[in-house]
Amino acid sequence: MSKLQKIIGDVHVSKDLILLLVIGGLYSLSISLSNTFVNVYLWKQSGEFIDLGIYNLSIVIMQPITFIFAGRLAKKIDRVVVLRLGVIFLAIFFMSVLIIGGSAAKFIILLGGTLGIGYGFYWLAFNVLTFEITEPETRDFFNGFLGIMNSTAGMVGPIIAGFIISRLKNFTGYTTIFSISLLLFSGAVVLSFFLKRRPAEGDYLFKRIFNERKKDRNWKMITSAHFFQGLREGTFAFVIGVFVFIATGSELALGKFGLVNSSAAFIAYFLATRIIKKTKRKMFILMGGIFLYLSIYVILFDLSYQRLLIYAVLIAFGYPMLFVPYASITYDVIGRAWNITKARIEYIVVKEIFLNSGRIVSILGFIVAVTLFNEKQSIPILLAIIGAGHLIIYFFVRNVQLEESNIPIEKTGQKPVRKTNLVDGDSGG
């Protein structure tokens, strides 16, 4: 444990916190192996931006619907069971891709919807467990260290997948990679059995928590910020990877792009966990938002592979600046909100509704752009508009006001929740 403490600093971590980090890491590795290449897989079959838009729109429509249902389910059964349901649906998605094979482009709505259901179950449970397992003193560490694990998965996954896919003929490489993802999801399920059971009870207060935005200004600001987070993520989450493939025609080049991006992010997230302090959170959110928006202009007018690699490095340093403190502030707001002891699940659900609403608007804008206008002209304009989403986050977060207090606000049943903090990753989820 002493060696671990030297690595993570003066932070007390529990067994469940470590398990949740590892589960998150396995999820990230499986997704980093396969998810980006699913879009390329569909692109190679279809060659139409509109099909990619419909596929990703299916994901972000089913995800919030599933969140609402999963939230109700989590109030009736164990949250860990909901986590397993998410992994099962993700496995079904990859099995479906394997079975459908070369006809996958004909089933984009079915595939996207299945993936969205998997994301909904998984992220509802993961976010709720994050809120319950972490404390105010460990949340910056958890968010930052999870970022490090995501970056590690991002370094290993895409380059391995790109290498295998580029070396094996036809679609054999894709079959191999999708199969590996299934094994990793299975490992996550096994580890979930070691998490402490966390059953919930009581009424499902979804509408009440949604309407709480009218009474709680902090809650209104955070949910609005999540809409604009989703506004950028919706389109950027899939279009950049396809741009890389279009520019190079190589899955291996896409893997190298992921390696460069995640290598830089690994360093950036580690620094973020040590540098970003509670008193400077809003300043870093503004800096990160500006940095991420300006980075877009590196690729808007020249989609060469070299410029895309520069973009990969820039956003790798921009995201930790924004997301580590933004995640913490979000959990702070939720931790101080009305009736948090009984309604923590509902707060997570409502947050995700706003996040995915932004993604839906983003992808609808993308579909309109590629349907009604010239793709080469409309897509750069669209990216310049929706790319401001992360910068706009600051103008809501700056209005969040939380009083300092040494007295616990609520008790969850496991441990006190004082002034709390939160956030989502760029991809998903």
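Residues numbered from 1 in each chain as written. Predicted model: local features only at pLDDT ≥ 70, side-chain atom pairs only at ≥ 80, totals over all residues. Heavy atoms only, no water.

**Student:** Describe helix α5 (residues 108-133), listing the residues and the values that go with them.
**Tutor:** Residues spaced three or four apart along an α-helix point in a common direction, a consequence of the helix completing one turn every 3.6 residues. When the terminal C-alpha atoms of α5 are compared, their 36 Å separation across 26 residues agrees well with the 38 Å that a helix rising 1.5 Å per residue should span. Across the 26 residues that make up α5, a large majority, 24, are buried. (Helix = DSSP H or I, 4+ residues; strand = E, 2+ residues; numbered from the N terminus. Expected span 1.5 Å × (residues − 1). Buried < 20%, exposed > 50% of the residue type's maximum accessible area, 1.4 Å probe, protein only.)

**Student:** I'd like to hear about the packing of α5 against helix α13 (residues 340-372), residue by residue, with values.
**Tutor:** With their axes 10 Å apart at the nearest point, α5 and α13 run at an angle of 135° to one another. By the angle between their axes, α5 is oblique relative to α13. Crossing of α5 over α13 shows right-handed handedness. On α13, the residues that touch Leu124, Asn127, Val128, Phe131 and Glu132 of α5 are Ile340, Arg344, Ile345, Ile348, Val349, Lys351 and Glu352. For the contact of α5 with α13, the class distribution of residues is seven nonpolar, one polar and four charged. (Axes fitted to C-alpha atoms, helices over the stretch in contact; angles between N-to-C directions. Parallel < 35°, antiparallel > 145°, perpendicular 65-115°, else oblique. Left-handed = near helix turned anticlockwise from the far one by under 90°. Contact = heavy atoms within 4.5 Å. Nonpolar A, V, L, I, M, F, W, Y, C, P; charged D, E, K, R; others polar.)

**Student:** Go over unusual backbone geometry, please, and point to the residues and values.
**Tutor:** In this model, Asn339 sits at a positive phi of 55°, which is unusual for a non-glycine residue. Looking at the secondary structure, you find Asn339 in the loop between α12 (305-335) and α13. For Asn339, a relative accessible area of 22% translates into the label partly exposed.

**Student:** Can you break down the environment of Phe94 residue by residue, with the values?
**Tutor:** Turning to its location among the elements, Phe94 is positioned in helix α4 (residues 79-100). The exposure class of Phe94 is buried, given its relative accessible area of 0%. Between the alpha carbons of Phe94 and Thr114 there is a distance of 9.5 Å; along the sequence they are 20 residues apart. Among all residues touching Phe94, those that are not within four sequence positions of it are Ser34, Val38, Phe178, Ser181, Leu182 and Phe185.

**Student:** Could you give me a rundown of the nonpolar core, with the residues and numbers involved?
**Tutor:** Of all hydrophobic cores here, the largest spans 139 residues; its most connected members are Phe49, Tyr55 and Leu124. The element that contributes the greatest number of residues to this core is α12, accounting for 16 residues. For Tyr55, the residues in contact, after removing those within four places along its chain, are Val38, Asn39, Leu42, Phe93, Ile108, Leu111, Gly112 and Leu115. (Core = buried A, V, L, I, M, F, W, Y, C linked by side-chain atoms within 4.5 Å.)

**Student:** Which residues make up the packing of aromatic side chains, and what are the values?
**Tutor:** Enumeration according to the criterion identifies 29 aromatic pairs in this entry. Relative to Phe243, the ring of Phe49 has its centre 6.4 Å away and its plane inclined at 80°; by these criteria the two rings are edge-to-face. Residue Phe49 is located in helix α3 (residues 49-74), and its partner Phe243 is located in helix α9 (residues 217-248); the two are separated by 194 residues in the primary sequence. With respect to class, Phe49 is no different from Phe243; both count as buried. With 6.2 Å between their ring centres and 45° between their planes, Phe323 and Tyr326 make a pair best called tilted. Here Phe323 and its partner Tyr326 are both found in helix α12, three residues apart, which amounts to about one turn of the helix. Across the pair, Tyr326 and Phe323 agree in class, each one buried. (Phe/Tyr/Trp six-rings, centres within 6.5 Å; stacked < 30°, edge-to-face > 60°.)

**Student:** Please provide a residue-by-residue account of the environment of Asn399, values included.
**Tutor:** Position of Asn399 relative to the elements: it lies in the loop between α15 (389-397) and β1 (410-411). Judged by its relative accessible area of 26%, Asn399 falls in the partly exposed class. Spatially, the C-alpha atom of Asn399 lies 9.3 Å from that of Ile222, the residues being 177 residues apart in sequence. Residue contacts for Asn399: discarding those within four places in its chain leaves Arg217, Asn218 and Met221.

**Student:** Can you break down the side chain of Ser262 residue by residue, with the values?
**Tutor:** Turning to its location among the elements, Ser262 is positioned in helix α10 (residues 251-275). Overall, the relative accessible area of 7% leaves Ser262 in the buried class. Setting aside chain neighbours within four positions, we find Ser262 in contact with Ser151, Gly154 and Met155.

**Student:** Report on the pattern of salt bridges, specifying residues and quantitative values.
**Tutor:** Tallied over the entire structure, the rule returns seven salt bridges. A salt bridge links Lys44 to Glu251, with the shortest nitrogen-to-oxygen separation between them at 2.8 Å. With a gap of 207 residues between them, Lys44 in helix α2 (residues 15-46) and Glu251 in helix α10 connect regions that are remote in the sequence. We classify Lys44 as partly exposed; its relative accessible area is 39%. We classify Glu251 as buried; its relative accessible area is 7%. Here Arg208 makes a salt bridge to Glu212, at a shortest N to O gap of 2.3 Å. (Salt bridge = Lys/Arg side-chain N within 4 Å of Asp/Glu carboxyl O.)

**Student:** Account for α2, with residues named and values stated.
**Tutor:** Spanning 32 residues, α2 covers 46 Å between terminal C-alpha atoms, matching the ideal 46 Å at 1.5 Å per step. At Ile31, α2 shows its maximal kink, close to 35°. Within α2, 23 of the 32 residues are buried, which leaves it mostly tucked inside the rest of the structure. With its phi angle positive at about 75°, Gly47 sits one or two positions after the end of α2. (Bend = angle between axes of the 7 residues up to and from the residue.)

**Student:** Residue-level account of the side chain of Asn356, with values.
**Tutor:** Here Asn356 shows up in helix α13. Non-local contacts of Asn356, meaning those with residues more than four positions away in its chain, are made with Val60, Gln63 and Pro64.

**Student:** Report on the confidence of the model for the protein, specifying residues and quantitative values.
**Tutor:** The predicted model of the protein has a mean per-residue pLDDT of 84, with 90% of residues at 70 or higher. For the protein, strand β2 (residues 416-417) is the element with the lowest average pLDDT, namely 30, and α15 is the one with the highest, namely 95. Here residues 405-429 scores under 50 on pLDDT; set against residues more than four positions off or in separate chains, the count is 96 contacts. (pLDDT = per-residue confidence, 0-100.)

**Student:** Describe a nonpolar patch on the surface, and please don't skip the residues or the numbers.
**Tutor:** Judged by side-chain polarity, Val260, Phe266, Ile267, Phe270, Leu271, Ile275, Phe291, Val313 and Phe317 come together as a nonpolar surface patch covering roughly 680 Å² of accessible area. If you list the elements that add at least two residues to the nonpolar patch, you get α10 and α12. Relative to the elements of secondary structure, Val260 occurs in helix α10. (Patch = residues over 30% accessible without salt bridge, like charges linked within 9 Å, V, L, I, M, F, W, Y side chains within 5 Å. Areas by Shrake-Rupley, 256 points an atom, 1.4 Å probe, with all protein chains shown as cover.)

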